[in-house]
2 protein chains.
Amino acid sequence: MASDSEEQRALQYEQTLMYGRYTQDLGSFAKDEAARLRLQQGHGEGAVPRLRRPSELLEYTQGRCAPCRVCALQCQRFLISKVGEDWVFLILLGLVMALVSWAMDFAIATCLQAQKWMYGGLDTNVLLQYLAWVTYPTVLITFSAGFTQILAPQAVGSGIPEMKTILRGIVLKEYLTFKTFVAKVIGLTCALGSGMPLGKEGPFVHIASMCAALLSRFLSLFGGMYENEARNIEMLAAACAVGVGCCFAAPIGGVLFSIEVTSTFFAVRNYWRGFFAATFSAFIFRVLAVWNKDEETITALFKTRFRLDFPFDLQELPAFAVIGIASGFGGALFVYLNRKIVQFMRRQKTINRFLMKKRLLFPALVTLLISTLTFPPGFGQFMAGQLTQKDTLVTLFDNQTWAKQGLSDEFEYLGILEAWHHPHSNVFITLVIFILMKFWMSALATTIPVPCGAFMPVFVIGAAFGRLVGETMAAWFPDGIHADNNIYRIVPGGYAVVGAAALSGAVTHTVSTAVIVFELTGQISHILPVMIAVILANAVAQSLQPSLYDSIIRIKKLPYLPELGWGHHEKYNVRVEDIMVRDIHYVTLNCKYRDLQHILHGTKMKSLPLVESAESMILLGSIERAQVGALLSQQLSPQRRLQALRQKALAEEGHQLSDTSIRFQISTDTSSGALARTAPRKPLKPALKRVPSSMVESPLGGTTDHSGIALKSLFCANTAAEPTEAQGTAYRKAKHVRISITEEMDLGDRMTPAEILEWEEQQLDQMVDFSSAKIDPAPFQLVEHTSLHKTHTIFSLLGLDHAYVTSIGRLVGMVSLKELRKAIEGSLTTKGVKVRPPLASFRDSTASAGEPDTTALRQLWDRHQHHPMPREAGPRGNDEDDTPKGQ
Amino acid sequence: MASDSEEQRALQYEQTLMYGRYTQDLGSFAKDEAARLRLQQGHGEGAVPRLRRPSELLEYTQGRCAPCRVCALQCQRFLISKVGEDWVFLILLGLVMALVSWAMDFAIATCLQAQKWMYGGLDTNVLLQYLAWVTYPTVLITFSAGFTQILAPQAVGSGIPEMKTILRGIVLKEYLTFKTFVAKVIGLTCALGSGMPLGKEGPFVHIASMCAALLSRFLSLFGGMYENEARNIEMLAAACAVGVGCCFAAPIGGVLFSIEVTSTFFAVRNYWRGFFAATFSAFIFRVLAVWNKDEETITALFKTRFRLDFPFDLQELPAFAVIGIASGFGGALFVYLNRKIVQFMRRQKTINRFLMKKRLLFPALVTLLISTLTFPPGFGQFMAGQLTQKDTLVTLFDNQTWAKQGLSDEFEYLGILEAWHHPHSNVFITLVIFILMKFWMSALATTIPVPCGAFMPVFVIGAAFGRLVGETMAAWFPDGIHADNNIYRIVPGGYAVVGAAALSGAVTHTVSTAVIVFELTGQISHILPVMIAVILANAVAQSLQPSLYDSIIRIKKLPYLPELGWGHHEKYNVRVEDIMVRDIHYVTLNCKYRDLQHILHGTKMKSLPLVESAESMILLGSIERAQVGALLSQQLSPQRRLQALRQKALAEEGHQLSDTSIRFQISTDTSSGALARTAPRKPLKPALKRVPSSMVESPLGGTTDHSGIALKSLFCANTAAEPTEAQGTAYRKAKHVRISITEEMDLGDRMTPAEILEWEEQQLDQMVDFSSAKIDPAPFQLVEHTSLHKTHTIFSLLGLDHAYVTSIGRLVGMVSLKELRKAIEGSLTTKGVKVRPPLASFRDSTASAGEPDTTALRQLWDRHQHHPMPREAGPRGNDEDDTPKGQ
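**A few points about the overall build of chain A**
Here's step 1: Assigned secondary structure in chain A consists of 34 helices and eight strands.
Here's step 2: Expressed as a percentage of the 887 residues in chain A, the buried residues total 59%.
Here's step 3: Put simply, chain A shows about 37,200 Å² of open surface, and 60% of that area lies on carbon and sulfur atoms.

Here it is in structure tokens:
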């Protein structure tokens, strides 16, 4: 057992080394790891090897079954090695998501069927009918809200804004866990089953991402190394595509939509991943429908049957353009309305307090209101209230023309189309009421704290608007517009398709909704009208409002970098020097532990810049806050105190060390002066490698590593303030202190609190020993003249969190996401941010980064010429008042 | 006139300042510039203001026409300000390209028609027919090759590889000029008019890019500032999409294809540009066809009419998968064959020498061979030789089934379909012969030095292959596969669509060919088979060969960074330290002009690192080679020599300066010691700004700028070797040298060549004065431990050309595209590149860049502790043998 646990510890150690290794995905690493783990399984752990070893020897045994078994074994090995490959993961992801999507669709359809059945069965009593119509969704929504609230509040809402943030490299806690997955799937099924105007696209992106995260965690049990963060982020990007793809059976649109919605810069090498997984997922999703005998073969989800030979006339294009522009305004209005509702709910303190107490009241009230208004015998008869979202879409994409086109060809509303027909009103009024009511209903419903998206509701409203325009056109030109002999009637269904793409494109600020409608309807004949409408809608909406997802990001205050709008003039005149924080906390190479303590108290930055000295300010690297904390706690650890105590006792015994001995508290056999100063140059390297890992394992545990201590002793010896004078004596003293590590610590903690305090104060006055700290030697640097635009590009490209601003090696400031966001969002007058003068653009900036930073350079050069010993020069507060000193 | 020219000089000066300003596009800058230029026009130049000023005063004059005129003026102003906006540019680009595309299509159709007419008219004599059939394309191709060769050899070939390189930020000379545009358009028209198996997609990408470049240059005349490089690159990316979009009337496919083919990292914010321009272009392209009465309305280019209700059966999917896999192999073979042909032609020296003499012989021979084989009464009758590429595609996408399906429904080949029918053979044999012959013909034809692409030929071959499989399936299952009551026959046309997408996807390594076929055929019903086949084809082809464009890039040795293949294990174990060049040339801050000369002779790098000193090696920035050259030539310029001479004469007059006076050859009134040492701190800044611009204007012209000279004198005074001792005397001497600038240079060049040489030698021994040089203060830096993978990502993301490798501020090496390419392409054993040990991946690499670079840090720290005056320490050649000195 002892050797077993030791081996396991070795394993842990190696895994620690592995953690976070930078290898952007690509299966090969996973394969490698799979091989390694298999190797370890071979002779690492307890039970498995005993089972496997005989089978591994099979190749050398003689017997009848041996060839078969060898073959099976090789297959098994092959399979295990394949588990780590990307395509296996993508196929599994696609399969799982298709199953989830299909099962959810089935459950939702059942729920809606049940409501219809209940409503239909009670047609004797309108009151009972109303109660059934209203209670059913209220119960479902309330359950969904409560269930989500209890299990995982992170599952609320669309999930696309969160995924956008996560894909930028920011870790949001609990967003990709199994609990959230369950909450989202069940909550979404209930929410959609209620028949409220809610969508499944956004949540599906989130579900697919959680699925990918869980799957990679699951597969890592099998052997593949799925713990690589960069790989996981690439897989998440593919998962987003899968989410859209299997929701609409639209692989291409899914990939494009997910790229547009979640990425800023897209790596084309990941393109195939999304396509592969989304296609597979969409395929399985549709195959399930075929196997379930819902369909005869694989076709589009909302198949249209418009005529192919003459889909539309050129002269209809202005009408399509009108749809596009109106959708643009509508989309912006939707985003605005949605945000205002959320903000109103937050601001109204009395409402808010009441709702906070009874969290489920708000969803219930909203559901009650909406379902009351859609009650078919009531107001619902004027807005096709009895149709589910899917039926609505099917009817809106219908091939026929609803409006009267003369007495002869009176159109008969058959089947579900009947819902749009009202004996006392015409279809135009029904459509207008439908659009207006659904518009605010959708905006309101999507603020309910249940898992839900807004894409589908908006899509339906857009389709209705398109249909309205189409019917108007059809009524206006009963025989079509075409001048030639053939009569080509206008197809209002085509207008519905265009409207759906345009409005959803406007709300989400995407162009790929065009592709989604082609895939949804299975017809691409209206490509030009759709593209024109979508582009116009985007142009209008983007100049008025942020996208729905960006709006939610702002409401939720997620750490995301907003896009630079196009045409914002002032962005070019702002430079890093205008937005950077100048007053930053930094660690110097020659600082004391007390300084570290002050810095930790004074700032909350996650990483601190390390500079050579406060005078030179030459940036050497950055050190993480946790590392600084570890250094500090290590210095003040009880173990060290005990050792110091023991050492003191020893010193008192030997009468050799005076009160300065504190400086050399840990010394081993290797600390003889000569050795310490020459030997560590090269041989120390392997020893150094071990230091961080041992620290991770037991940052405060007193496991004393030989080489580590050797290093420390070296450093401690060197921290003497005046090296040339002090060192000689110091070494001479240190030479005599030899403490064997194997000696037991039997002194116990015999210090009083006061003594401890005193000891700690002494410790804090020591120079910091950075030898065991992890230092990032190349943090990202900008120069003062970098434009805001370039800074934004670099931050988005590299997914940076902060960057240091340097001027010829010297640290002069720092820019973090916060400053950048502030600058972009226009709050240019806040602290540390000033607006450039209008003529700033006329400054001499001769090259992108090739600006001759001559002043600073000259200073350095002057310093170089005038002061051969610049480090002895007095402290320099500012560049400007740098007068020569020391001559 | 004097004031005019002065104003113009001021203008030039400002424009010099503007040049290269980093502002990634976005119209606003252009707007700004337009406003500025308008302003300048208002009171800058000669003729215009006299015309405009009265009109500007119109607003204040009273008159009947005044309001109208004011209105017109405001409109004009508004229009001018709009010229700079992106969408205006994109619309113009789309319009121009649509016109070009349509005109070319028209010309090509006319050419092909002429050949058909000639061939048809001579049907009395087979020999004459043959001559006509063969001569016509040979003449056209030879003309195309000759014309291109003479006018612009850059127009040869596809252009996509070059665009890929240009979009990476590398400037290829003459690739985007008007000459190349003309050569490409005319050459391509002739080449395609010959009926050879050549495509227009690739060249169209190039044509669109040239169009964008020319358009931006043209619009910059109007006032918009179109000289911004980053903006132009974004516009070029949009232009690539336009090229594909207006070639196939496929806007979505065009955008996606251009992204896949040209980008590595794609900025999603540019997405709409491509969509907008490509949609507009495709729209106009198709509208032209409608106006020309070719079409009744806007439809797809190769419209198919497959049945919508049951496009394919699930059980047909394996056949589609087979098409995909076979296409993958076929695509790889095509790329291989194409490359081998090129390499064969290059290697065969005897052939080569002969062909080099008679450049037009090779195209003529190839055309002769191909057209002989396709001669319809000859071998062409077995391979539908009489059909043009377009007709071939139309027939292959035909809705009917060609193979006999029983006696009753014998299919009749009507119209152009007749070409596929041969009385003594069946359609299978014809198809097989067609595929085999066209395969090598296309691979051969695309090596002809004319503007041509390979996409369409490959597309046609793929369609034929798909048709073959489809016909086979149709013959195998005459009544379809579907088990239910309805009989759904197999649609071979659908297979042709799938095959076309799969093979073209395999050759180009793109997935978006799927979208292109949907847009080309106007039907999306086969989406799943197409996606499956394309993905399989890509998977196979990508694992066998590079894409056709990457292959051409390699053949042409363009400076492009190859993609990191997925699954290449060893990439993760290579780090920057393994591939970097350690022996680099650098400029030190305290070097002499002689050193600069040596460096310029010793290296060909375009920019040189500037380090503090050879001992510290702290990287301060990078300086361009041209700058170094300018510094050197300035130092050795005749003007300076003359001045020195004059000065010497003066000195001899005054008997005050000894032979050391060379050091203070240019001194003005401001060079009094005290002033020179204290004053320049701040007031120099504005003066410094002028230095680069005046240098650009006249780098060698003797226009002596007051402030510049003041600076130079300061620097020259300071370059005395031992500042503390020498300066006092130097200043005392310099104080007396006062030369008025306005004094005329009437001394003439009275030096002998020997004297000049001596003077130059003296000059070379002086310290370099960097004050007037442009220095990039923040060149991109990497650390030694950066992985190859990350390096590749950063190079592609930021479009880098080279990066310096630093270790805590110290320059230790350099990586350029060349080293990176070598490392990726696997030539890991060449100079300066060594392979990592296999276990290198197990090294401690705990974070992406967070590796504790403790050894180097410790050295610095030690240096800091041990040597308070590190700059006085002796020169240190290497990090490893860094023993403390100077104590």
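**Comments concerning the packing of aromatic side chains**
Geometry of an aromatic ring pair is reported as the spacing of the ring centres plus the angle between the planes.
Here's step 1: Tallied over the entire structure, the rule returns 42 aromatic pairs over all chains.
Here's step 2: With 6.2 Å between their ring centres and 25 degrees between their planes, F178 of chain A and F181 of chain A make a pair best called stacked. You can see F178 of chain A and its partner F181 of chain A sitting in helix 8 (residues 178-193), three residues apart, about one turn around the helix.
Here's step 3: A residue is classified by how much of its surface remains accessible, and F178 of chain A, at 53% relative accessible area, is exposed.
Here's step 4: What makes F181 of chain A buried here is its relative accessible area of 13%.
Here's step 5: Seen from their ring centres, Y130 of chain B and F375 of chain B are 5.2 Å apart, and the 80 degrees between their planes marks the pair as edge-to-face. Of the two residues, Y130 of chain B sits in helix 6 (residues 126-151) while F375 of chain B sits in the loop between helix 15 (361-373) and helix 16 (389-396), which places them 245 residues apart along the sequence.
Here's step 6: Relative accessible area serves as the criterion here: at 25%, Y130 of chain B is assigned to the partly exposed category.
Here's step 7: What makes F375 of chain B buried here is its relative accessible area of 6%.
Here's step 8: By the ring-pair criterion, three or more aromatic residues cluster together here, those being F248, F257, F397, F455 and F459 of chain A.
Here's step 9: Just above the ring of W402 of chain A sits the side chain of R467 of chain A; from NZ or CZ to the centre is 4.1 Å.

**Notes on the packing of helix 19 (residues 492-508) of chain A against helix 20 (residues 513-521) of chain A**
Residue and element names in this part refer to chain A.
Here's step 1: Two numbers describe how helix 19 lies on helix 20: the axes approach to 9 Å, and their chain directions differ by 140 degrees. Judged by the inter-axis angle, helix 19 sits oblique to helix 20. In terms of crossing hand, the pair formed by helix 19 and helix 20 is right-handed. Contacts between helix 19 and helix 20 involve V497, A501, S504, G505 and T508 on the former and, on the latter, T513, A514, V517 and T521.
Here's step 2: Across the contact of helix 19 with helix 20, the residue classes break down as four nonpolar, five polar and no charged.

**Brief notes about the nonpolar core**
Here's step 1: Among the nonpolar cores identified, the biggest contains 359 residues, and I207 of chain A together with I207 of chain B are the most heavily contacted of them.
Here's step 2: Leaving out residues up to four positions away in the same chain, I207 of chain B has contacts with M97, V100, M104, F181, K184, V185 and L188 of chain B.

**A few points about the sheet that holds strand 3 (residues 607-611) of chain A**
All names here are of chain A.
Here's step 1: With mixed pairing, four strands are arranged side by side in an open sheet as 2-3-4-5. The two strands at the open ends of the sheet, each matched to only one other strand, are strand 2 (587-588) and strand 5 (775-776).
Here's step 2: In the sheet, strand 3 pairs with strand 4 (residues 619-624) via five bridges, with the strands oriented antiparallel. Looking at strand 4, one finds that L608 is bridged to I623.
Here's step 3: On the sheet, helix 25 (residues 625-635) packs against strand 3 and strand 4 and is oriented at approximately 80 degrees with respect to strand 4.

**So, the confidence of the model for chain A**
Residue and element names in this part refer to chain A.
Here's step 1: Summary statistics for chain A give a mean pLDDT of 72 and a share of 69% for residues scoring 70 or more.
Here's step 2: Here helix 28 (residues 684-697) is the element of chain A with the lowest mean pLDDT, 34, and helix 19 is the one with the highest, 93.
Here's step 3: Note on residues 656-747: pLDDT under 50 across the span, and 130 contacts to partners over four residues away in sequence or across chains.
Here's step 4: pLDDT under 50 marks residues 827-858. Its contacts with residues more than four places away, or in other chains, come to 91 contacts.
Here's step 5: For this predicted complex, the interface score ipTM comes out at 0.71, alongside a pTM of 0.72.

The rules behind these values
- Residues numbered from 1 in each chain as written.
- Chains lettered and ligands numbered in written order.
- Predicted model: local features only at pLDDT ≥ 70, side-chain atom pairs only at ≥ 80, totals over all residues.
- Heavy atoms only, no water.
- Helix = DSSP H or I, 4+ residues; strand = E, 2+ residues; numbered from the N terminus.
- Buried < 20%, exposed > 50% of the residue type's maximum accessible area, 1.4 Å probe, protein only.
- Areas by Shrake-Rupley, 256 points an atom, 1.4 Å probe, with all protein chains shown as cover.
- Phe/Tyr/Trp six-rings, centres within 6.5 Å; stacked < 30°, edge-to-face > 60°.
- Lys NZ or Arg CZ within 6 Å of the ring centre and 35° of its normal.
- Axes fitted to C-alpha atoms, helices over the stretch in contact; angles between N-to-C directions.
- Parallel < 35°, antiparallel > 145°, perpendicular 65-115°, else oblique.
- Left-handed = near helix turned anticlockwise from the far one by under 90°.
- Contact = heavy atoms within 4.5 Å.
- Nonpolar A, V, L, I, M, F, W, Y, C, P; charged D, E, K, R; others polar.
- Core = buried A, V, L, I, M, F, W, Y, C linked by side-chain atoms within 4.5 Å.
- Pairing = 2+ DSSP bridges.
- pLDDT = per-residue confidence, 0-100.

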